[in-house]
Amino acid sequence: FFICTNSKAPKEMTKRKVLFLCTGNSARSQMAEALLRNMAGNDFEAFSAGTDPTDVHSQTIAVLEKFGISKENVRSKHISEFQGDDFDYVISLCDKARLECKTYPISGKRMDWNFEDPVYRNGPHPFATTLNEISGRIAMFVLIETKKNLPKVEFDPIQFFKSLSYDPILDF
């Protein structure tokens, strides 16, 4: 089903293709696709799909907007849309997708990351928490796979933590 890119162009000249898989393609895989495009769009082409796709969750779009991440091309897609496409990496973001996609032949690198579904996650700001966790994993992925450092993202840590608090009591 998924085969590693076999382009004749040198690897340094071509973007590596990454497919993020999840069950609903409504939150985690959408976040991962947007984050990879934002962090390393010059090195990777990012895509996402679901094994049983549903509409993109409104909180997914809201959290991407809140943290200034482009939501370009955010739409739910079924894995069958990519049948016959070549991918260098196929990354499952939940156990259900990992198990359902286990039988698909993949000659590129396969990775299985398991993130809790923010729709069912307990605690404050489940979508922001999930976005943060996925962001950290993608930053490490890019660092390892490109062997280079990501550009530093400037942000005010106090503003960041204020955005995660229930009450605006951190006004300094």
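About the criteria used
Residues numbered from 1 in each chain as written. Predicted model: local features only at pLDDT ≥ 70, side-chain atom pairs only at ≥ 80, totals over all residues. Heavy atoms only, no water. Helix = DSSP H or I, 4+ residues; strand = E, 2+ residues; numbered from the N terminus. Buried < 20%, exposed > 50% of the residue type's maximum accessible area, 1.4 Å probe, protein only. Expected span 1.5 Å × (residues − 1). Contact = heavy atoms within 4.5 Å. Arc of directions from axis to C-beta. Salt bridge = Lys/Arg side-chain N within 4 Å of Asp/Glu carboxyl O. Pairing = 2+ DSSP bridges. Axes fitted to C-alpha atoms, helices over the stretch in contact; angles between N-to-C directions.

Within the secondary structure, F67 is located in the loop between helix 2 (58-66) and strand 3 (89-92). When its relative accessible area of 28% is taken as the criterion, F67 is described as partly exposed. C-alpha separation for the pair F67 and L131, spaced 64 residues apart in sequence, amounts to 9.5 Å.

On to helix 1 (residues 28-40), then. For an α-helix, the turn length of 3.6 residues means that residues three or four places apart are oriented alike. The terminal C-alpha atoms of helix 1 lie 18 Å apart, and with 13 residues this matches the ideal 18 Å at 1.5 Å per residue to within 8%. By the criterion of burial, helix 1 is predominantly enclosed, with 11 of the 13 residues buried. Along helix 1, the residues classified as buried are R28, S29, Q30, M31, A32, E33, A34, L35, L36, M39 and A40. On its buried face, helix 1 is in contact with strand 1 (16-22), strand 2 (44-50), helix 2 and helix 4 (126-146).

What follows concerns helix 4. Between the first and last C-alpha of helix 4 there are 30 Å, a value that for 21 residues agrees with the 30 Å anticipated at 1.5 Å per step. Turning to helix 4, its buried residues are P126, F127, A128, T130, L131, I134, I138, F141, V142, E145 and T146. Angular distribution of buried residues about the axis of helix 4 spans 165°; they occupy a single face of the element.

Attention now goes to the pattern of salt bridges. In the structure shown here, the tally under the stated rule is 9 salt bridges. Its salt-bridge partner being K71, residue E65 comes within 3.2 Å of it at the nearest N-O pair. A salt bridge links R110 to D112; the nearest nitrogen and oxygen atoms lie 3.5 Å apart. Judged by relative accessible area, R110 falls into the partly exposed class, the value being 31%. Put simply, E33, R37 and K77 are held in one network by salt bridges that share partners.

This brings us to the sheet that holds strand 4 (residues 109-112). Spatially, the 4 strands line up as an open sheet ordered 2-1-3-4, and their pairing is parallel. Each edge of the sheet is formed by a strand with only one pairing partner; in this case those strands are strand 2 and strand 4. Shown here is a sheet whose adjacent strand axes are inclined to one another by a mean of 20°, direction ignored. In the packing of helix 1 onto the sheet, the strands contacted are strand 1 and strand 2, and the crossing angle to strand 2 comes to about 175°.

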